[in-house]
Amino acid sequence: MTALTLSTAAVSGLRADAVVVGVAKGARGPVVAPGAEAVDKAYDGRLAEVLETLGASGAEGEVTKLPAPSGFKAPVVVAVGLGSVPEKDETYGAESLRRAAGVAARALAGSKKAAFALPLTDAADAGAVGEGALMGAYTFDAYKENGKEAKAGGKTPLAEVTLLGGKSRDKAFKAAVERAVAVTEELNRARDLINTPPNDLTPEAFAAVAQAAAKEHGIKVQVLDEKALAKGGYGGILGVGAGSSAAPRLVKLSYTSSKAKKHLALVGKGITYDSGGISLKPPGHNETMKCDMSGAAAVFAAVVAAARLGLEVNVTGWLALAENMPSGSATRPGDVLRMYSGKTVEVLNTDAEGRLVLADALWKASEEKPDAIIDVATLTGAMVLALGNRLFGVMANDDAFRTAVVEAAEEVGEESWPMPLPTHLRKGMDSPTADIANMGERMGGGLVAGLFLKEFVGEGITWAHLDIAGPAYNEQGPFGYTPKGGTGSAVRTLVRLAELTAAGDLG
Ligand code: BES
Ligand code: MN
Ligand code: ZN
């Protein structure tokens, strides 16, 4: 992991491989952003002019490298685009700083240490730049032949980030940096789990990772294996895992604080591979389905981050882990499962498996009567069609809670959109044989899935459902602080929601 520190040292004397400055789009060409005054001065106040000559505009995502001015210990200056200059009396937004820091950190792969001289108005900005840098520096190289040396282009990730312009002794700045480190380390660990191929990350292997992390951070952990699941009557999780030689698991992670007044339950879809089962996915739809445990990875990361931050709230994480495979023992379209709640489900399509494992975990989570339940899942292709690849959909059984979730996401720089749960879609899931079918109308498929889950939330419990099928896995090129592959979608939103719950501002 990349290290993150604060420094008040003079930029010219800093021993680093590069100094990062911000450049914004002004009305008459590029403008050097605040925080880089000393750097600009060392170029005789001509940095903007030099950047313009080099073709820089200040657009978001832009990177311009130039030789550092004489007298600097660092050899290179990296100017990263921040987008438009803020309106009068406004400052650069946290998310544009986060993205720019991510772009710069990725562009600096191969370097050891970089000093970031970006515009920091307050401690929250320092946290945002820290988060962006640590997320942008991320690479996944566990499966490259020569490990660290054989990364894309033979470059190792930026090892050390120093934030300049922050107050290194200021409590708020220190806390912001600590928070950025805890959250992004766990977020990057979630990315690792998502990127790990499914032949290695079985439900059992995922549970073992969770157990080890729980032990390290003083979190209570309980793992139900296939025998315990059978004994407990978890028909949904067992039904989905029935076709795989890698047996399913239900993992419970309990972080408790002696000062907690509220209890938040998080439930994650953890399909370590989704082939579709007997309703097999065609080629073109299964190559990235190792990402189908992204919800469980996000929940896992959020619980560990809450523990590391010592949040004054009890957070229980439920990881519903199974592999969805076709075989002679697999659940068939037409089978009826008896769920943990006691309800029966007619499985019409074995590819609608996420809602089945979540149903059991939601009902189990409900038994503890938490103040709120939030589930996270790569649940439907329909949500990707509706919202694209960067937003997750938010559904809930309470309008105010749904709004609070969308706002919390926005606060931490995650894009989402509120979606409805129209009751008329419920009748499409009526089954002649069982209490409910696992499929309904094709139109509005994301909402149908949400309505199915709603049936398995305990009476009177506030609940929200995040369908992250779009943003969980980035098949296109990297952008901002988002790499190719697993993104860690929803981790920061969940941590923020835990913080808000601790503060009594939610649920
Ligand atoms: N894991 C998929 C959803 C998905 C699609 C995630 C694309 C990420 C990217 C889910 O289990 C699934 O297969 N859903 C079906 C449901 C349908 C059969 C009712 C879908 O969306 O097609
Ligand atoms: Mn599926
Ligand atoms: Zn799935």
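Per-chain numbering applies: the sequence of each chain, read as written, is numbered from 1 onward. The lettering of chains begins at A and the numbering of ligands begins at 1, in the order of writing. Only residues with pLDDT of 70 or above have their local features reported here, since the model is predicted, and side-chain atom pairs are shown and tallied only from 80 upward, although totals for entire chains, interfaces and linings are computed over all residues. The side-chain quantities take in all heavy atoms of the structure and omit both hydrogens and water.

(A) Focus on the sheet that holds strand β18 (residues 462-467). Strand order in the open sheet formed by eight strands is β8-β9-β11-β10-β14-β18-β15-β16, with mixed pairing between adjacent strands. The open sheet has two edge strands with one neighbour each: β8 (220-224) and β16 (416-418). For this sheet, the mean angle separating the axes of adjacent strands, direction not counted, is 20°. Direction of pairing for strand β15 (residues 392-396) relative to β16: parallel, over a ladder of three bridges. Among the inter-strand pairings, G393 is bridged to a residue of β16, identified as W417. Against the sheet, helix α14 (residues 491-502) makes contact with β10 (263-274), β11 (314-324), β14 (372-377) and β15, and its axis sits at roughly 165° relative to β10, the strand it touches most. Pairing between strands requires that DSSP locate at least two bridges from one strand to the other. Only DSSP runs of H or I with at least four residues qualify as helices, and only runs of E with at least two residues qualify as strands; both kinds are numbered from the N terminus onward. All axes are obtained by fitting lines to C-alpha atoms, using only the stretch in contact for helices, and the reported angles, taken between N-to-C directions, cover 0 to 180 degrees. Contact between two residues is taken to exist if any of their heavy atoms lie within 4.5 Å; hydrogens are not considered.

(B) Geometry of the sheet that holds strand β17 (residues 436-437). Taken in spatial order, the three strands make up an open sheet running β12-β13-β17, and their pairing is mixed. Lying at the two open borders of the sheet, with one neighbouring strand each, are β12 (336-338) and β17. Here strand β13 (residues 344-346) pairs with β17 via two bridges, running parallel. Paired with V345 across the strands is I436, a residue of β17.

(C) Examining the coordination of the manganese ion (ligand 2) more closely. Only nitrogen, oxygen and sulfur atoms within 2.8 Å of the metal, or 3.2 Å for Na, K and Ca, are treated as donors, and water is left out, so sites may look incomplete. Protein-derived ligands of the manganese ion (ligand 2) are D274 (OD), D351 (O), D351 (OD) and E353 (OE), with the metal-ligand distances lying across 2.1 to 2.2 Å. For four-coordinate sites, all angles between 85 and 135 degrees define a tetrahedron; for four- and six-coordinate sites, opposite donors beyond 155 degrees with the remaining angles between 65 and 115 define square planar and octahedral shapes respectively, and all other cases count as irregular. Coordination geometry of the manganese ion (ligand 2): the six donor atoms subtend angles of 71 to 170° at the metal centre, consistent with an arrangement described as irregular. The sequence pattern describing where the donors of the manganese ion (ligand 2) fall on their chain is D-x76-D-x1-E. A spacing of 3.1 Å is found between the manganese ion (ligand 2) and the zinc ion (ligand 3), which share D274 as a donor.

(D) Spatial organisation of the domain arrangement of the chain. Where each domain begins and ends follows an automated or database-derived domain assignment. For the chain, the assigned domains are domain 1 (3-165) and domain 2 (186-502). Taken over C-alpha atoms, the centre of domain 1 sits 36 Å from the centre of domain 2. Each partner contributes residues to the interface: domain 1 has 14 residues there, and domain 2 has 19 residues. Here a salt bridge means any side-chain nitrogen of Lys or Arg lying within 4 Å of a carboxyl oxygen belonging to Asp or Glu. Between domain 1 and domain 2 we count zero salt bridges in total.

(E) Seen up close, the coordination of the zinc ion (ligand 3). At this site the zinc ion (ligand 3) is bound by K269 (NZ), D274 (OD), D292 (OD) and E353 (OE), with donor distances of 2.0 to 2.4 Å. Taken together, the six donor atoms surrounding the zinc ion (ligand 3) define angles of 78 to 174° at the centre, an arrangement classified as octahedral. Read in sequence order, the donor residues coordinating the zinc ion (ligand 3) give the pattern K-x4-D-x17-D-x60-E. Whether a residue is buried, partly exposed or exposed follows from its accessible area with a 1.4 Å probe, protein chains only, as a fraction of its type maximum: under 20%, in between, or over 50%, in that order. A relative accessible area of 3% means that D274 is categorised as buried.

(F) Spotlight on the packing of aromatic side chains. Aromatic rings from Phe, Tyr and Trp, with only the six-membered ring used for Trp, were paired whenever their centres fell within 6.5 Å, and each pair was classed as stacked if the ring planes differed by under 30 degrees, edge-to-face if by over 60, and tilted otherwise. This structure, assessed with the given rule, holds four aromatic pairs. When the ring of F206 is compared with that of F300, the centres are 6.2 Å apart and the planes differ by 65°; the resulting orientation is edge-to-face. With F206 in helix α6 (residues 203-216) and F300 in helix α9 (residues 294-309), the pair connects residues that are 94 residues apart, well separated along the chain. Between F452 and F456, the ring centres sit 5.1 Å apart and the planes meet at 35°, which makes this aromatic pair tilted. The ring of Y138 is capped by R191, whose NZ or CZ atom sits 5.2 Å from the centre of that ring. Consider the ring centre and the ring normal. A charge sits over the ring if Lys NZ or Arg CZ is within 6 Å of that centre and within 35 degrees of that normal. Over the ring of F456 we find K343; its NZ or CZ atom is 5.4 Å from the centre of that ring.

(G) Just the pairing of β10, in detail. Most of β10 sits inside the fold, with 12 of its 12 residues counted as buried. Pairing analysis gives 11 bridges linking β10 to β11, with the strands arranged parallel. By the bridge assignment for β11, L266 is matched with G317. Relative to β14, β10 runs parallel, the two sharing five bridges. Note on β14: the bridge partner recorded for L264 is A372.

(H) Here's a closer look at the environment of R442. With respect to the helices and strands, the residue R442 is situated in the loop between β17 and α13 (445-454). Put simply, R442 and G428 are 14 residues apart on the chain and 9.3 Å apart in space, counted from C-alpha to C-alpha.

(I) Representation of the nonpolar core within the structure. Here, nonpolar core means buried Ala, Val, Leu, Ile, Met, Phe, Trp, Tyr and Cys residues that are tied together by side-chain atoms lying within 4.5 Å of each other. Counting residues in hydrophobic clusters, the biggest one holds 63 residues, and the most contacted among them are F206, L253, L266, F300, L319, I374 and L466. Of all the elements, α9 adds the most residues to this core, at 12 residues. With sequence-adjacent residues up to four places away left out, L266 is seen in contact with V299, A302, V303, V315, T316, G317, W318, I374 and L494. Ranked by size, the runner-up nonpolar core spans 46 residues in total, among them A365, M395, I461 and W463.

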